[in-house]
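Fold and geometry: a report
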Amino acid sequence: MTTIPTLIGFLAIVTWSFLALLSTAAGPIPPFQLAAMTFLLGGLVGASSWVFRPAAIKSLRQPWQVWALGTAGLCIYHCAYFFAIQSAPPVEVSLIAYPWPLLIVVFAAFLPGERLQLHHILGVILGLAGAILVITKGGSVGLAEGVKPGHLIALFCAFVWSGYSVLSRRFGQVPTDVVAGYCLITAVVALALHLTLETTVWPETSVQWAAIAILGAIPLGAGFYAWDYGCKHGDIMILGALSYAAPLLSVIVLLLAGFGMFHWSIAVACVMITVGAMLAAKDMLFKPRRTARQAKPKFERGR
C-alpha cells in the first residue's frame, strides 16, 4: 500500500506552504543566516528523538553515496537557490526552478516498477500551468534584463531537487532518521556562507523568534522527514503532481494571514492544480473494485 506514505509525503508539501509566511514573519534576517538557524533546528527535531530511540543514531552509518545524495538534496539545493534569488529577479528564479515536480514525474519513469502514463503527463502539465499562473498573477514574465547567472543556477536547482527526490527511492532501505544528518550538514555550510558573505542580524521581537523556531521545526524539519518517507515508500509520480499545490497553498496562507489581496488567478490556478492532481492520482483515488469472483482464493474457484 502506497496511499499512506503518499499522504505523508503530501504533508511535507502542506508544511512548505507556510514557508513564505514564516519567512516574512521572521523579519529581515539574511538568507544564509536564516538557513543556518532553521536547518539546525530541523536537524535537532530528528536528533531529539534519539533520546528515546538510542539505536536510531546508528542510521548515520551509511555509504558515502547516501551522504552525497542527501548533501546534494538539502544543502546544495538550498544554498544554490539563495545564490539564485540574490543574483536574479525572485519571480523569474521561482518560475525557472519550479519545473522540479515535472522532472520528478519524468525521472520516476526510469525507476524499477514505475510506468509513466498519459494521465501523469496531463496532470503534471496542468499543475505546472497553475503554478505559473499563481507566480505571475496572470501576467507575463520574461527575462527583461537578459539571462543572468541566477537563472542558470535556478535551472540547476530544479534538477538537483528532482534528482534527490527520485534517487531517494533507490535508497528505500535507509531510515528517514538520516535526514537529521542532512539538515545539520546544511546548517554548517549555510553558517560558513553567512559568515563569509553576510552581516549578522538577530531577531528583535518574540514573534520573529517564534517564526524562526516554527520554520525550523516544521517546514524545514518535520517537512523534510515526511518528504523523505513519502519519496521512498509512496507514489513518487503522484507526489510530483501534488507538489504544484505548494505555491497555491502558500498564496492562500498569506491571504488568510492578511498579506496581499485576492486575485482571479488564484481561483483559476486552484481549479487547474486540483484537476491536475486528481488526474495524476486517478489510479490511487479511483481503484476498481474487485468482483466477488476475483476476490475468491484460487482453491475455492474450482469447487
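Residues numbered from 1 in each chain as written. Predicted model: local features only at pLDDT ≥ 70, side-chain atom pairs only at ≥ 80, totals over all residues. Heavy atoms only, no water.

1. Comments concerning the overall build of the protein
Applicable threshold: Working definition: helices are DSSP H or I runs of at least four residues, strands are E runs of at least two. Numbering for both runs from the N terminus. The rule is simple: take the accessible area with a 1.4 Å probe, protein chains only, and divide by the maximum for that residue type; under 20% is buried, over 50% is exposed, in between is partly exposed. Contacts were defined at the residue level, with two residues in contact if any of their heavy atoms lie within 4.5 Å.
Within the protein, the secondary structure is distributed over 16 helices and zero strands. Counting the 303 residues in the protein, one finds 45% classified as buried. In the protein, the proportion of contacts linking residues at least 24 apart, taken out of those at least 6 apart, comes to 90%.

2. Comments concerning the confidence of the model for the protein
Put simply, the rule reads: For every residue, the predictor states its confidence as a pLDDT score lying anywhere from 0 to 100.
Looking at the protein as a whole, the pLDDT averages 82, with 86% of positions reaching at least 70. Looking over the protein, one finds the lowest element-wise mean pLDDT in helix 15 (residues 292–295), namely 44, and the highest in helix 9 (residues 179–197), namely 94. This stretch, residues 289–303, has a pLDDT under 50; its non-local contacts, to residues over four places away or in other chains, come to five contacts.

3. Focus on the packing of helix 6 (residues 100–108) against helix 8 (residues 149–167)
As a reminder, the rule being used: The axes are straight lines fitted to the C-alpha atoms, using for helices just the contacting stretch, and the angles between their N-to-C directions are given from 0 to 180°. Reported orientations rely on four angle classes, namely roughly parallel under 35 degrees, roughly antiparallel over 145, roughly perpendicular from 65 to 115, and oblique for the rest. Rotating anticlockwise by less than a right angle from the far helix to the near helix defines a left-handed crossing, while the corresponding clockwise rotation defines a right-handed one. In the scheme used here, Gly and all other residues not listed as nonpolar or charged are polar, with Ala, Val, Leu, Ile, Met, Phe, Trp, Tyr, Cys and Pro taken as nonpolar and Asp, Glu, Lys and Arg as charged.
The N-to-C vectors of helix 6 and helix 8 enclose an angle of 45 degrees; their axes lie 8 Å apart at closest approach. Relative to helix 8, helix 6 is oriented oblique. Along this stretch, helix 6 crosses helix 8, giving a crossing that reads as right-handed. Contacts between helix 6 and helix 8 involve Trp100, Leu103, Ile104, Phe107 and Ala108 from the first element and Ala158, Phe159, Trp161, Ser162, Gly163, Ser165 and Val166 from the second. Counted by class, the contact of helix 6 with helix 8 contains nine nonpolar, three polar and no charged residues.

4. Digging into the environment of Tyr244
In this structure, Tyr244 sits in the loop between helix 11 (236–242) and helix 12 (245–256). As a C-alpha pair, Tyr244 and Ile13 span 231 residues in sequence and 8.7 Å in three-dimensional space. In this structure, Tyr244 is in contact with Tyr98, Pro99, Pro101, Leu102, Val124, Gly127, Leu128, Ala131 and Ile273, ignoring residues within four places of it in sequence.

5. What about the nonpolar core?
Basically, it comes down to this: Each nonpolar core is a collection of buried residues, namely Ala, Val, Leu, Ile, Met, Phe, Trp, Tyr and Cys, held together in the definition by side-chain atoms within 4.5 Å.
Within the largest apolar cluster, 71 residues are counted, with the highest numbers of intra-cluster contacts made by Trp161, Phe224 and Trp227. If we ignore the near neighbours within four places in the chain, the residues touching Trp161 are Trp16, Gly73, Leu74, Tyr77, His78, Trp100, Phe224 and Trp227. By size, the runner-up hydrophobic cluster in this structure holds five residues, among which are Ala84, Ala88, Ala97 and Ala154.

6. Considering the pattern of salt bridges
Threshold: Salt bridge, as used here: a side-chain nitrogen of Lys or Arg that lies within 4 Å of a carboxyl oxygen of Asp or Glu.
Within the structure shown, the criterion is met by two salt bridges. For the salt bridge of Arg53 with Asp177, the shortest nitrogen-to-oxygen distance reads 2.6 Å. Of this pair, Arg53 sits in the loop between helix 3 (31–48) and helix 4 (64–87) while Asp177 is found in the loop between helix 8 and helix 9, placing the two residues 124 residues apart along the sequence. A residue is classified by how much of its surface remains accessible, and Asp177, at 16% relative accessible area, is buried. In this structure, Lys232 and Asp228 form a salt bridge, with 3.1 Å as the shortest nitrogen-oxygen distance. Within this pair, Lys232 and its partner Asp228 are both found in helix 10 (residues 206–233), separated by four residues, close to a single helical turn. Of the two residues examined, Lys232 and Asp228, each falls in the buried class.

7. Thoughts on a nonpolar patch on the surface
For clarity, the cut-off: Patches here: salt-bridge-free residues with over 30% relative accessible area, like charges joined within 9 Å, nonpolar side chains (Val, Leu, Ile, Met, Phe, Trp, Tyr) joined within 5 Å. Per-residue and other accessible areas were derived by the Shrake-Rupley procedure at a 1.4 Å probe size, with only the shown protein chains allowed to occlude residues.
Together, Leu116, Leu118, Ile121, Leu122 and Ile125 give the surface a local cluster of nonpolar side chains, amounting to about 430 Å² of exposed area. Within the secondary structure layout, Ile125 lies in helix 7 (residues 118–136). A residue is classified by how much of its surface remains accessible, and Ile125, at 45% relative accessible area, is partly exposed.

8. As for helix 1 (residues 3–16)
Spelled out, the test is: Here the expected length of a helix is defined as 1.5 Å per residue gap, with one fewer gap than residues.
With 14 residues, helix 1 ought to run about 20 Å at 1.5 Å a step, and its terminal C-alpha atoms sit 20 Å apart, in line with that. The complete set of buried residues in helix 1 reads Pro5, Thr6, Gly9, Ala12, Ile13, Thr15 and Trp16.

9. Comments concerning the packing of aromatic side chains
We count it as follows: Aromatic pairing here means that ring centres of Phe, Tyr or Trp (its six-membered ring) are within 6.5 Å. Orientation follows from the plane angle: under 30 degrees is stacked, over 60 is edge-to-face, and everything else is tilted.
As enumerated under the stated definition, the model contains 15 aromatic pairs in all. A centroid spacing of 5.8 Å and a plane angle of 50 degrees characterise the contact between Trp16 and Phe224, whose relative ring orientation is tilted. Linking Trp16 in helix 1 with Phe224 in helix 10, this pair joins segments that are 208 residues apart in sequence. Residue classification places Trp16 among the buried residues on the basis of a relative accessible area of 11%. According to the relative accessible area criterion, Phe224 is buried, its value standing at 3%. Considering the side-chain rings of Trp100 and Trp227, the 6.1 Å spacing of their centres and the 90 degrees angle between planes classify their relative orientation as edge-to-face. Of the two residues, Trp100 sits in helix 6 while Trp227 sits in helix 10, which places them 127 residues apart along the sequence. An identical accessibility class is assigned to Trp100 and Trp227; each is buried. Every member of this aromatic cluster is reached through a ring pair, and the members are Trp16, Phe39, Tyr77, Tyr81, Trp100, Trp161, Tyr164, Phe224 and Trp227.

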